[in-house]
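One-letter residues, chain by chain:
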Amino acid sequence: MRDYKKVAYNRRYYRRKKTKKQISLLFGTVILLSIIEATIEHPHSIPTKAVAQNPLPNTIVSTTPSSISSYRPDFDCSRANKNDAIAVMLCHNSVAAKHELIFDQTYYVLRQIVGKTGWQALKREAIADQEFADCLNNVGQVNARQPRADPACYIEKIDSITARYQKRLHGAALEEAQRPIDEHISLQRRLISLGYLPTTTVADGVYGETTRTAIMAWQRDHNISPADGFLSNVDASLLTQEESATYAPATIPASDGGEFLFLAFVIGGVGIGGLYLWIRRKNTQKAWNFVSREIIDQKTNLQIQYAQKTRPDRYGTVNYDEWLKEVSFFTSTRIKPLLDQRGLSKYWKRIESGTITLINEFAQEPLPISAVQNTYVSDPRTYDPRMDPFDYEQYCALLLQADGWNAHVTQKSGDQGADVIASKEGCKIAIQCKLYSKSVGNDAVQQAFTARTHTGSTAAIVATNSTFTKFAYDASATTGVFLVHHAQLVETCDRILAHYTASYGSRLAVSRFGQLRS
């Protein structure tokens, strides 16, 4: 998308964080004032909940909020490029901003349909379609290089694109895309009030990944099949009905002087409730801080696992089942124990959706590689998948040398499978380096195991720029050979050294180092 939309398509993080405290404070104040007002005006009655009237099955209950008077675009205007005339116009023109949100809603419907494998292609298509040069003019501008955007032109073009995109839709997806943006905003507020979305969520009518996850959770809880994340007209009616229970006063006689006692009780209850919400919010934020820090620390490992477990098959189809299992394994072995140690495990459900989203966002970022040159020259100091295999061995040795290891590349023959020998504080490691365009098999594991025995090393490692086959992992489990991406090489060697120094202090019991494998 355009530059001014980067924050918006990154889940509008900054806007949520900015309004977090304001929403909580406003919520508590409104509740307190409403209760006090109701008690003063009706001192002899206590409101009790009446039974909600069920609408007809095919009737769509209007969810349009009457309080919506202006609209803001789905990006942070304070961070928008001031030289971008379209962005400036959207931040100051409520009508144009509304039409921008309508397009975004249709775009995110298509995004849900194509899935993660189609996100990039859809994004490139949207960038190509959103060309608004004809909507820029210099009327009334002192500086001709600072054009001004025409709202009417922009609205006409963005509506045309929206209509063209909606022609691809059908069924529940089309019903959702054609629903007025005000109703989308109201439905998001329903999800917030029901606890399916965090209270800090900004309801702007654009259904990003977090809202889709919330919709699918709500659909599963109500046995709606398929739970595909789209809100059909029937689903919207059911969601509105669930939150549309009205409150009718039922008169309950109060004893003389009981009004003041009741008022004191209400105020005290609201105060205790407010304190509870404040503590819960503070602990939820604390839990999120611990979790996000752990995810950032594990970013490289997550990137590697994602690359290994989402490789397309021989037909070009990507199966995400293995990656989903890896995410579940990571959260159960790293995230949840981290919260348990700090007594914050009960807040897991509140941050689970955001945690999964952050894991996926970090994991899908590509591992850093060197810039591609027009005429490539292999250089052992810089990794590139096109480099010479011998330079790749030197590259691995240089990584270890930078970490203080005495590492050198062996001769090209007679090394018995060891390409690099690294030693530090009496710990010696035999390393085989595989620059592959395909997965590394179990032959490399057997060679590394032989090299460890032949060189009398403490441990053996197979390092690669690629992935490993299932048979390689099976052989690793029985031989104790470490299998790593070269980005993990230094960390793995340091762990071996730490275990060697703490548990042995010498070169004895080398075979037991297989227990270090993670």
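Residues numbered from 1 in each chain as written. Predicted model: local features only at pLDDT ≥ 70, side-chain atom pairs only at ≥ 80, totals over all residues. Heavy atoms only, no water.

1. Description of the overall build of the protein
Next, step 1: What the protein contains, in helices and strands, is 17 helices and nine strands.
Next, step 2: Counting only contacts in the protein whose residues sit at least 6 apart along the sequence, the fraction spanning at least 24 positions is 65%.
Next, step 3: Carbon and sulfur atoms make up 54% of the accessible area of the protein, which amounts to about 28400 Å² in all. (Helix = DSSP H or I, 4+ residues; strand = E, 2+ residues; numbered from the N terminus. Contact = heavy atoms within 4.5 Å. Areas by Shrake-Rupley, 256 points an atom, 1.4 Å probe, with all protein chains shown as cover.)

2. Some remarks on the confidence of the model for the protein
Next, step 1: When pLDDT is averaged along the protein, the result is 77, and 75% of the positions lie at 70 or above.
Next, step 2: Confidence drops under a pLDDT of 50 for residues 1–11, and excluding neighbours within four residues, the segment shows 42 contacts in the predicted structure.
Next, step 3: In this model residues 506–512 is a low-confidence stretch, pLDDT under 50, and it forms nine contacts with partners more than four residues away in sequence or in other chains. (pLDDT = per-residue confidence, 0-100.)

3. Comments concerning the nonpolar core
Next, step 1: By size, the foremost hydrophobic cluster in this structure holds 49 residues, and its most contacted members are Phe75, Leu90, Tyr154 and Leu231.
Next, step 2: Contributing elements (two or more residues each) for this core: helix H2 (85–92), helix H3 (94–114), helix H4 (119–129), helix H5 (151–166), helix H6 (171–177), helix H7 (181–193), helix H8 (209–221) and helix H9 (233–243).
Next, step 3: If you tally residues by element for this core, the top one is H3, at eight residues. (Core = buried A, V, L, I, M, F, W, Y, C linked by side-chain atoms within 4.5 Å. Buried < 20%, exposed > 50% of the residue type's maximum accessible area, 1.4 Å probe, protein only.)

4. Examining the state of the cysteines
Next, step 1: Taken as a whole and judged by the stated rule, the model has two disulfides.
Next, step 2: Disulfide pairing places cysteine 77 opposite cysteine 91 at an S-S distance of 2.1 Å. Looking down the S-S bond of the cysteine 77 and cysteine 91 bridge, the torsion is -100°, so its handedness is left-handed. Residue cysteine 77 is located in the loop between strand E1 (45–49) and H2, and its partner cysteine 91 is located in helix H2; the two are separated by 14 residues in the primary sequence. Residues cysteine 77 and cysteine 91 agree in their burial class; the two are buried.
Next, step 3: With its sulfur 2.0 Å from that of its partner, cysteine 135 forms a disulfide with cysteine 153. Taking the torsion about the S-S bond as the criterion, the cysteine 135 to cysteine 153 disulfide, at about -70°, is left-handed. Of the two residues, cysteine 135 sits in the loop between H4 and strand E2 (136–137) while cysteine 153 sits in helix H5, which places them 18 residues apart along the sequence. (Disulfide = S-S within 2.5 Å.)

5. Some words on unusual backbone geometry
Next, step 1: Each neighbour pair has its own omega, and for serine 225 with proline 226 the value is 0°, a cis peptide bond.
Next, step 2: Within the secondary structure layout, proline 226 lies in the loop between H8 and H9.
Next, step 3: Despite not being glycine, asparagine 223 shows a phi value in the positive range, around 55°.
Next, step 4: Along the chain, the position of asparagine 223 falls in the loop between H8 and H9.
Next, step 5: Backbone geometry at glutamate 425 places phi at a positive 50°, although glycine is not the residue there.

6. Points about the environment of threonine 317
Next, step 1: The residue threonine 317 is located in the loop between helix H11 (299–309) and helix H12 (321–341) in this model.
Next, step 2: Here the alpha-carbon distance between threonine 317 and threonine 117, two residues 200 residues apart in the chain, equals 9.4 Å.
Next, step 3: Aside from chain neighbours lying at most four places away, what touches threonine 317 is Arg311 and Pro312.

7. Considerations on the pattern of salt bridges
Next, step 1: Evaluated as defined, the whole model comprises 10 salt bridges.
Next, step 2: Two residues, glutamate 326 and lysine 309, come together in a salt bridge whose shortest N-O distance is 3.9 Å. Pair noted here: glutamate 326 is in helix H12 and lysine 309 is in helix H11, with a separation of 17 residues, a long-range link.
Next, step 3: Overall, lysine 309 belongs to the partly exposed group, its relative accessible area being 24%.
Next, step 4: The partner of aspartate 474 in a salt bridge is lysine 470, with the nearest N and O atoms 3.2 Å apart. (Salt bridge = Lys/Arg side-chain N within 4 Å of Asp/Glu carboxyl O.)

8. Quick look at the packing of aromatic side chains
Next, step 1: Inspection of the entire model under this criterion finds eight aromatic pairs.
Next, step 2: With a centroid separation of 5.8 Å and 50° between ring planes, the pair formed by phenylalanine 103 and tyrosine 165 is classed as tilted. Of this pair, phenylalanine 103 sits in helix H3 while tyrosine 165 sits in helix H5, placing them 62 residues apart in sequence. Pair check on accessibility: phenylalanine 103 and tyrosine 165 agree, each one buried.
Next, step 3: A cation sits over an aromatic face here: lysine 299 above phenylalanine 362, 5.2 Å from the ring centre.
Next, step 4: Over the ring of phenylalanine 290 we find arginine 342, and its NZ or CZ is 4.3 Å from the ring centre. (Phe/Tyr/Trp six-rings, centres within 6.5 Å; stacked < 30°, edge-to-face > 60°. Lys NZ or Arg CZ within 6 Å of the ring centre and 35° of its normal.)

9. With respect to helix H17 (residues 489–503)
Next, step 1: Spanning 15 residues, H17 covers 21 Å between terminal C-alpha atoms, matching the ideal 21 Å at 1.5 Å per step.
Next, step 2: For H17, the set of buried residues is Leu489, Thr492, Cys493, Ile496, Leu497 and Tyr500. In an axial view of H17, the angular spread of the buried residues amounts to 135°, which keeps them on one side of the axis.
Next, step 3: Contacts from the buried residues of H17 go to helix H14 (389–402), strand E6 (420–424), strand E7 (427–434), strand E8 (459–464) and strand E9 (482–485). (Expected span 1.5 Å × (residues − 1). Arc of directions from axis to C-beta.)

10. A closer look at the pairing of E8
Next, step 1: Burial of E8 is extensive: six of the six residues sit out of reach of the surface.
Next, step 2: Of the two faces of E8, the one lined by Ala459, Ile461 and Ala463 and the one lined by Ala460, Val462 and Thr464 are each fully buried.
Next, step 3: In this region the chain leaves E7, passes through helix H15 (residues 442–455) and returns to the parallel neighbour E8; the handedness of that crossover is right-handed.
Next, step 4: Where E8 and E9 come together, four bridges link them in parallel fashion. The partner of threonine 464 across the bridge, within E9, is histidine 485. (Right-handed = clockwise from strand over helix to strand, strands pointing away. Pairing = 2+ DSSP bridges.)

11. Some words on the side chain of glutamate 393
Next, step 1: Along the chain, glutamate 393 falls in helix H14.
Next, step 2: When neighbours within four sequence positions are excluded, glutamate 393 is seen to be in contact with Val409, Asp419, Val420 and Cys433.

12. A short note on H8
Next, step 1: Taking 1.5 Å per residue, 13 residues should reach 18 Å; H8 reaches 18 Å between its end C-alpha atoms and fits that length.
Next, step 2: Taken residue by residue, H8 has Thr210, Thr211, Arg212, Ala214, Ile215, Trp218 and Gln219 as its buried positions.
Next, step 3: Taken from the residues just after H8, asparagine 223 is the one with a positive phi, measuring 55°.

13. A closer look at the sheet that holds E9
Sheets are built from strands that pair by backbone hydrogen bonding, the pairs being arranged parallel or antiparallel.
Next, step 1: A sheet is described by the order of its strands in space; here five strands give the open sequence E5-E6-E7-E8-E9, paired in mixed fashion. With partners counted over all chains shown, the strands left at the sheet margins are strand E5 (406–409) and E9, one partner each. On average, adjacent strands in this sheet sit at an angle of 25° to one another, irrespective of strand direction. (Axes fitted to C-alpha atoms, helices over the stretch in contact; angles between N-to-C directions.)

14. Description of the environment of phenylalanine 390
Next, step 1: Counting through the fold element by element, phenylalanine 390 comes out in helix H14.
Next, step 2: Taking the relative accessible area as the measure of exposure, phenylalanine 390 reaches 25% and is therefore partly exposed.
Next, step 3: In sequence terms phenylalanine 390 and leucine 435 are 45 residues apart; their C-alpha atoms lie 9.1 Å from each other.

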